Amino acid sequence: MRTASVSRRTSETDVSVKLALDGAGKAEIATGVGFLDHMLDLLARHALFDLTVSVTGDTHIDDHHTVEDSAIALGQAFAQALGDKRGIARYADVHLPMDETLTRVALDISGRPFLVFRTAFARDKIGTFDTELVREWFQAFAMNAGITLHVETLYGDNQHHIAESCFKGLARALRRAVALDPREEGRVPSTKGSL
Ligand SMILES: [Mn+2]
């Protein structure tokens, strides 16, 4: 079973994550940040991961620590659940439309963390959520999941759609990249023999 649990406690946040890669898209998300809950809910649904995320964070300051630390814990859980990456498709890319917005996500489950994030927000807030935290989330997730992740919003106007297209694009790309390819016959998909 490709599952993992991660608990991570600091003076700023207390995070617990449970992840099953071969799930049905069931999510129980309670981070204390409504917009982040919405993004993680649709991430689980579109990746077909079963995902539980609970955070008690210092949101009286702002949402930064809760967003970053939950992404660190989810990235760690993802890497743990994948294990030695035997048999996976490894690469995937998606163009994710959401009404007027189009975002491209390409990723490699490489073990070499890297983020290219070419998505700009014209406004600082979506409701009470700071739009700059979208990039923070992707950075923390990519570094801790150990994936090479390229996100580019090709065009778009609505800030909610732009953020949501990034998370949905990631979800759909992860769903394909973690899928087991029967032609790999359980081998690690690299000429080096490990990822
Ligand atoms: Mn939405």
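Residues numbered from 1 in each chain as written. Predicted model: local features only at pLDDT ≥ 70, side-chain atom pairs only at ≥ 80, totals over all residues. Heavy atoms only, no water.

With that settled, consider the coordination of the manganese ion. Distances from the manganese ion to its protein donors, namely His38 (NE2), His160 (NE2) and Glu164 (OE), fall within the range 2.0 to 2.2 Å. Judged by relative accessible area, which is 33%, histidine 38 ranks as partly exposed. On the basis of relative accessibility, which here comes to 28%, the residue histidine 160 falls in the partly exposed class. (Donors = N, O, S within 2.8 Å, 3.2 Å for Na, K, Ca; no water. Buried < 20%, exposed > 50% of the residue type's maximum accessible area, 1.4 Å probe, protein only.)

Pairing is mixed in the open sheet, where 4 strands are placed in the order β1-β2-β4-β3. Edge strands, defined here as strands with exactly one partner in the open sheet, are β1 (3-9) and β3 (27-30). Here the strands of the sheet are splayed against their neighbours by 5 degrees on average, with no regard to which way each runs. For strand β2 (residues 13-20) and strand β4 (residues 50-57), the ladder comprises 8 bridges, and the chain directions are antiparallel. Directly across from threonine 13, in β4, lies its bridge partner glycine 57. In the packing of helix α1 (residues 34-47) onto the sheet, contacts are made with β3 and β4, and the angle to β3 comes to roughly 165 degrees. (Pairing = 2+ DSSP bridges. Helix = DSSP H or I, 4+ residues; strand = E, 2+ residues; numbered from the N terminus. Axes fitted to C-alpha atoms, helices over the stretch in contact; angles between N-to-C directions. Contact = heavy atoms within 4.5 Å.)

Let's shift gears to the sheet that holds strand β6 (residues 101-108). Taken together, the 4 strands give an open sheet; going across it, the order is β5-β6-β10-β7, and neighbouring strands pair in mixed fashion. What marks the edges here is a single partner per strand, and that holds for β5 (91-98) and β7 (114-118). Ignoring which end each strand starts from, the neighbouring axes of this sheet average 10 degrees apart. Of the strand pairs in this sheet, β7 and strand β10 (residues 148-155) are connected by 5 bridges, and their pairing is parallel. Directly across from phenylalanine 117, in β10, lies its bridge partner valine 151. Helix α3 (residues 132-145) rests against β7 and β10 of the sheet, and its axis sits at about 160 degrees to β7.

In this sheet, β2 lies alongside β1 in antiparallel orientation, the contact comprising 7 bridges. Paired with arginine 9 across the two strands is aspartate 14, which belongs to β2. If you look at the hairpin formed by β1 and β2, you'll find 3 residues sitting between the two strands.

Right, let's get into the packing of aromatic side chains. For any two aromatic rings, the description comes down to two numbers: the centre-to-centre distance and the angle of the planes. Tallying each qualifying case throughout the model produces 8 aromatic pairs. Residues phenylalanine 49 and phenylalanine 78 carry aromatic rings whose centres are separated by 6.4 Å and whose planes lie at 45 degrees to one another, so their mutual orientation is tilted. Here phenylalanine 49 is found in the loop between α1 and β4, whereas its partner phenylalanine 78 is found in helix α2 (residues 64-82), with 29 residues between them in sequence. When its relative accessible area of 1% is taken as the criterion, phenylalanine 78 is described as buried. Measuring from centroid to centroid gives 5.2 Å for tryptophan 137 and phenylalanine 141, while their planes differ by 5 degrees, and the two rings are stacked. One end of the pair is tryptophan 137 and the other is phenylalanine 141, both in helix α3 and 4 residues apart, which spans about a single turn. The two residues tryptophan 137 and phenylalanine 141 agree in class, both being buried. Put simply, the rings of Phe49, Phe78, Phe117, Trp137, Phe138, Phe141 and Phe167 touch in pairs and so form one group of aromatic residues. (Phe/Tyr/Trp six-rings, centres within 6.5 Å; stacked < 30°, edge-to-face > 60°.)

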